[in-house]
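The chain contents come next:
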Amino acid sequence: MMTWQPGRWSPSVWIGATMLVVFVVLGVFGPLIAPYPVGDLALDLDHMFAPRSAAHWLGTDKSGIDTLSQLLWGARKALVLSVTVVSISAVIGVTIGMVAGYARGVVDEVIMRVVDVFLAFPGLLLNIAIVAAVAKPGLPVFIAALCANGWVGYARVARGQVLSLRERDYVLAARALGASTPRILARHIAPNLVAPLLVQMSLSFGAVIAAEASLSFLGLGPQVDHTWGAMLEQGTSFLWKPGFRHYALAAAGAIAWVILAANLLGDGLRDRLDPRQRGRG
Amino acid sequence: MPIGAFIVRRLGLGLLSMLGVSILVFLFLHLIPGDPVDHLAGGEATPEQRAKIERCMGLDGSLPAQFGRFMGHVVDGTLGHQCPDPEGRPTVAAMIADVYPYTVALALTGLGFAIVLALPLGIAAALRRGTWFDTLASIGALSGIAIPNMLLGPVLLLWFFVDLGWLPGPGETGAAALVLPAFAVAVHLMAMLARMTRSSMVEVLGEDYLRTARAKGLAERVVVWKHALRNAIMPVVTVAGLQFGSVLSGSIIIEAVFARPGLGYLLLAAIRERNYPVVQGCVLVIAASYVLVNIAVDVAYGVIDPRVRRA
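Note that this is a predicted model, so its numbers are computed, not measured.

1. What to know about the overall build of chain A
Here is step 1: Scanning chain A from N- to C-terminus turns up 10 helices and zero strands.
Here is step 2: Going residue by residue from the N terminus, the α and β elements of chain A occur as α-α-α-α-α-α-α-α-α-α.
Here is step 3: Each of the three principal axes of chain A carries a C-alpha extent, and together these read 75 × 45 × 30 Å.
Here is step 4: Counting the 281 residues in chain A, one finds 51% classified as buried.
Here is step 5: Considering only intrachain contacts with a sequence separation of at least 6, the fraction spanning at least 24 residues in chain A is 72%.
Here is step 6: Accessible area of chain A: about 12500 Å², with a carbon and sulfur share of 67%.
Here is step 7: Taken as two groups, the 22 positive and 16 negative side-chain charges of chain A have centres that lie 10 Å from each other.

Listed below in structure tokens is the structure:
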């Protein structure tokens, strides 16, 4: 059982949370402080592949667009994408998991077999399969593809928790008093799921960014300009170009920053919630 | 549960998830909008040509009929034909069989690298817990998890192929050409396994039976390498096996970076050409390999540790 324990938060939580806050702040305000515009209108063929300078701190790319501004706009896109995917996955997964755990029996068995099928897919492969099936994948398709396997983790966590919570005395008492099932689930069980789900959400925050980068790299990205994944794709294809290595490194650094933050925070929270799991995975 | 019954049950569950995977793959490619005929036929196809392609692909049937046809191709081992000229071109299964060994070699070498590098690192960190070495190893492991492997691949190429010229570059398939891609595949898993080895070893080192072993005068070397390691390594090996799937999907990216033939390369080419039967076949084969490896790991674990069989 995962429960909050009193005591200090580990440095892992603090560092991870701080890094994540930096990302969120840049995601919200980044486009406002970006020194140059990005997008098709910002095309500047006189300044392609400009080196780092006072005017362009991180140089420009193949279209002459300022790298730093792209990174900041990319932060906005990464933030919107990960928050959307994590929220949708969590709502779907938790609902399904709670139903399975509370109903038990046949319903549980069927749902868990479906979960097994999704687990039988390596995550990235499932994303690729969905994006590849659509002729012109836009952002909604891309989000759906990431949610398609995103919900599974939440469903497993929620089910496991509900299986044990439903036998607690206070739940039995609520049932004896005649509370309806939806009320018990919403008022008595759901609040206890918050802590373990925070861990799952934190870990999957990084996973979404990594998946976006992978798919963009494979040319299956959300077809939106200046995501970090698209930048990394451009950066690696011009990695051979002298003086342009910093472009790929900047994009990779931004991606690694969020993945690192998410892992530090998620691991730290998990250690706090369930000391037995310390350092696993 | 006796071991025989355990294996049968596990195989049965595996078959069930394979059936589910097949249904899922089928549904993706048939329910999602987009017309494969358009792509195969090109812009100026006559209605007759379109009808011919549709008949060849079985798209004129109802959805259940199409699913039956699809399962028929799974059962007869062809995994489908390539339209509009099924006789003149290899079956999907034949195309996959051509490149499958390359991907397996890459995945297994990557898995090997990961285990060989992760175990000593994790053990050393556990034995020197709290020292600078431990901290350094933790930072290294975290970086390994965070670095995107589509950057790692090109950077490795840049160093060891372009700058140093020590190892062969993209497009080669010899044994030496396996080193860089396998390492790129391995890094993420290695970081995970090193962390697991460390925590598992730390846990075991605190167990009572190790105090007993020390108390009866065994050398520290024997205590660590014989008594502790054997128990600490079990969960690590299980996870290594279960992560085979992530190694397989990691290979998709790495094969793209290194232009290596393989399932991932075939899959991506098929996606670009909108060659749905090949996409379907590749996805199915990768998922099936994954399920089979998971079963093998479970069974092996059941043989080693009878407690597992109870569930």
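Still more to cover.
2. Observations regarding helix H4 (residues 63-75) of chain B
Here is step 1: For H4 of chain B, with 13 residues, the first-to-last C-alpha span of 18 Å sits near the 18 Å given by 1.5 Å per residue.
Here is step 2: Remark: Gly-77 of chain B follows H4 of chain B within two positions and exhibits a positive phi of approximately 80°.

3. Some words on the nonpolar core
Here is step 1: Core analysis: the largest hydrophobic core is formed by 159 residues, its most contacted members being Phe-23, Phe-121, Ile-128, Ile-189 and Trp-228 of chain A together with Leu-267 of chain B.
Here is step 2: Broken down by element, the residue count for this core peaks at 16 residues, all from helix H10 (residues 245-273) of chain A.
Here is step 3: Not counting chain neighbours up to four residues away, the residues in contact with Ile-128 of chain A comprise Leu-215, Leu-218 and Leu-220 of chain A together with Ile-252, Leu-267 and Ile-271 of chain B.
Here is step 4: Residues Ile-123, Val-202, Leu-205 and Ala-232 of chain B belong to the second largest nonpolar core, which totals 13 residues.

4. A few points about the interface of chain B and chain A
Here is step 1: Facing 44 residues of chain B, the contacting portion of chain A comprises 43 residues.
Here is step 2: Regarding the contact of chain B and chain A, the summed buried area is about 3800 Å², with carbon and sulfur atoms giving 78% of it.
Here is step 3: Three residues, Met-150, Leu-151 and Leu-158 of chain B, lead the burial of chain B against chain A; their summed loss comes to 14% of the area buried on that side.
Here is step 4: Across the salt bridge formed by Asp-267 of chain A and Arg-195 of chain B, the nearest N and O atoms sit 2.2 Å from each other.
Here is step 5: At the junction of chain B and chain A, the tally comes to one residue pair in polar contact (both at pLDDT 80 or more).
Here is step 6: Elements supplying a minimum of two residues to the side of chain B that touches chain A: helix H1 (3-31), helix H6 (132-146), helix H7 (149-163), helix H8 (179-205), helix H11 (244-258), helix H12 (263-272) and helix H13 (276-304) of chain B.

5. Focus: the side chain of Ser-214 of chain A
Here is step 1: Looking at the secondary structure, you find Ser-214 of chain A in helix H8 (residues 194-217).
Here is step 2: Judged by its relative accessible area of 10%, Ser-214 of chain A is buried.
Here is step 3: In this structure, Ser-214 of chain A is in contact with Leu-124 of chain A together with Met-150 and Ile-253 of chain B, ignoring residues within four places of it in sequence.

6. A look at the packing of helix H4 (residues 123-133) of chain A against H11 of chain B
Here is step 1: Viewed as axis vectors pointing N to C, H4 of chain A and H11 of chain B meet at an angle of 55°, and their least axial separation amounts to 7 Å. Taken together, the axis directions place H4 of chain A and H11 of chain B in an arrangement best described as oblique. The segment H4 of chain A lies against H11 of chain B, with Leu-124, Leu-125 and Ile-128 of chain A engaging Ser-249, Ile-252 and Ile-253 of chain B.
Here is step 2: Broken down by class, the residue content of the contact of H4 of chain A with H11 of chain B amounts to five nonpolar, one polar and no charged.

7. What about unusual backbone geometry?
Residue and element names in this part refer to chain A.
Here is step 1: Despite not being glycine, Arg-104 has its phi angle at roughly 55°, a positive value.
Here is step 2: Mapped onto the elements, Arg-104 comes out in the loop between helix H2 (67-103) and helix H3 (105-119).
Here is step 3: We classify Arg-104 as partly exposed; its relative accessible area is 38%.

8. Regarding a nonpolar patch on the surface
Residue and element names in this part refer to chain A.
Here is step 1: Together, Val-21, Val-22, Val-24, Val-25, Leu-26, Val-28, Phe-29, Leu-32, Ile-33 and Trp-257 line one region of the surface with nonpolar side chains, adding up to about 870 Å² of accessible area.
Here is step 2: Tracing the backbone shows Leu-26 in helix H1 (residues 11-33).
Here is step 3: Here Leu-26 falls in the partly exposed class, since its relative accessible area comes to 34%.

9. As for the pattern of salt bridges
All names here are of chain A.
Here is step 1: Inspection of the entire model under this criterion finds 10 salt bridges over all chains.
Here is step 2: Among the ionic pairs, Arg-104 bridges to Glu-167, the shortest N-O distance being 3.2 Å. Residue Arg-104 is found in the loop between H2 and H3, and its partner Glu-167 is found in the loop between helix H5 (139-165) and helix H6 (169-176); the two are separated by 63 residues along the sequence.
Here is step 3: On the basis of relative accessibility, which here comes to 40%, the residue Glu-167 falls in the partly exposed class.
Here is step 4: The salt bridge partner of Asp-108 is Arg-159, with a shortest N-O separation of 2.6 Å. Here the residue Asp-108 occupies a position in helix H3, and Arg-159 occupies one in helix H5, the gap between them amounting to 51 residues. Across the pair, exposure class does not vary: Asp-108 and Arg-159 are buried alike.
Here is step 5: Through salt bridges with shared partners, one network takes in Arg-104, Arg-166 and Glu-167.

10. Describing empty space enclosed by the protein
Residue and element names in this part refer to chain B.
Here is step 1: Tallied over the entire structure, the rule returns two cavities of 30 Å³ or more.
Here is step 2: Every residue lining the largest cavity is counted, 21 residues in all, and those nearest its centre are His-30, Met-57, Arg-69, Pro-277 and Gln-280.
Here is step 3: Split into classes, the residues belonging to the lining of the largest cavity amount to 13 nonpolar, seven polar and one charged.
Here is step 4: Counted as a void, the second largest cavity has a volume near 40 Å³.
Here is step 5: Residues that form the lining of the second largest cavity fall into these classes: six nonpolar, two polar and two charged.

11. A closer look at the confidence of the model for chain B
All names here are of chain B.
Here is step 1: Across chain B, the average pLDDT comes to 80, with 92% of residues at or above 70.
Here is step 2: By mean pLDDT, the top-scoring element of chain B is helix H5 (residues 92-127) (89), and the lowest-scoring one is helix H2 (residues 36-41) (65).
Here is step 3: As scored by the predictor, the complex reaches a pTM of 0.82 and an ipTM of 0.77.

12. Concerning the packing of aromatic side chains
Centre distance and the angle of the planes are the two values used to describe a pair of aromatic rings.
Residues and elements named next belong to chain B.
Here is step 1: According to the stated counting rule, one finds seven aromatic pairs over all chains in the structure shown.
Here is step 2: Arranged with centres 6.2 Å apart and planes meeting at 45°, the rings of Phe-67 and Phe-70 form a pair that is tilted. Within this pair, Phe-67 and its partner Phe-70 are both found in helix H4, separated by three residues, close to a single helical turn.
Here is step 3: The buried category is assigned to Phe-70, whose relative accessible area is 9%.

13. Let's talk about the environment of Asn-149 of chain B
Here is step 1: You can see Asn-149 of chain B is positioned in helix H7.
Here is step 2: It is 18 Å that separates the C-alpha atoms of Asn-149 of chain B and Pro-261 of chain B, two residues lying 112 residues apart in sequence.

14. Brief notes about H10 of chain A
Counting along an α-helix, one turn takes 3.6 residues, and residues three or four places apart therefore face a common direction.
Here is step 1: When the terminal C-alpha atoms of H10 of chain A are compared, their 41 Å separation across 29 residues agrees well with the 42 Å that a helix rising 1.5 Å per residue should span.
Here is step 2: Most of H10 of chain A sits inside the fold, with 24 of its 29 residues counted as buried.

15. Structural notes on the environment of Pro-51 of chain A
Residues and elements named next belong to chain A.
Here is step 1: Within the fold, Pro-51 resides in the loop between H1 and H2.
Here is step 2: As for Pro-51 and Phe-244, which are separated by 193 residues in sequence, their C-alpha atoms are 7.5 Å apart.
Here is step 3: Discounting chain neighbours no more than four positions away, the residues touching Pro-51 are His-56 and Gly-59.

Basis of the calculations
Residues numbered from 1 in each chain as written. Chains lettered and ligands numbered in written order. Predicted model: local features only at pLDDT ≥ 70, side-chain atom pairs only at ≥ 80, totals over all residues. Heavy atoms only, no water. Helix = DSSP H or I, 4+ residues; strand = E, 2+ residues; numbered from the N terminus. Buried < 20%, exposed > 50% of the residue type's maximum accessible area, 1.4 Å probe, protein only. Contact = heavy atoms within 4.5 Å. Areas by Shrake-Rupley, 256 points an atom, 1.4 Å probe, with all protein chains shown as cover. Lys, Arg positive; Asp, Glu negative; His and termini not counted. Charge placed at Lys NZ, Arg CZ, Asp CG, Glu CD. Expected span 1.5 Å × (residues − 1). Core = buried A, V, L, I, M, F, W, Y, C linked by side-chain atoms within 4.5 Å. Buried area = accessible area lost by both parts, 1.4 Å probe. Salt bridge = Lys/Arg side-chain N within 4 Å of Asp/Glu carboxyl O. Polar contact = N/O pair within 3.5 Å; in protein donor to acceptor, adjacent residues only side chain to side chain. Axes fitted to C-alpha atoms, helices over the stretch in contact; angles between N-to-C directions. Parallel < 35°, antiparallel > 145°, perpendicular 65-115°, else oblique. Nonpolar A, V, L, I, M, F, W, Y, C, P; charged D, E, K, R; others polar. Patch = residues over 30% accessible without salt bridge, like charges linked within 9 Å, V, L, I, M, F, W, Y side chains within 5 Å. 1 Å grid on protein atoms, 1.4 Å probe; cavity = no way out; pocket = protein on both sides within 12 Å on 5 of 7 lines; lining within 4 Å. Points joined across faces, edges and corners; volume = space filled by probe spheres on them. pLDDT = per-residue confidence, 0-100. Phe/Tyr/Trp six-rings, centres within 6.5 Å; stacked < 30°, edge-to-face > 60°.

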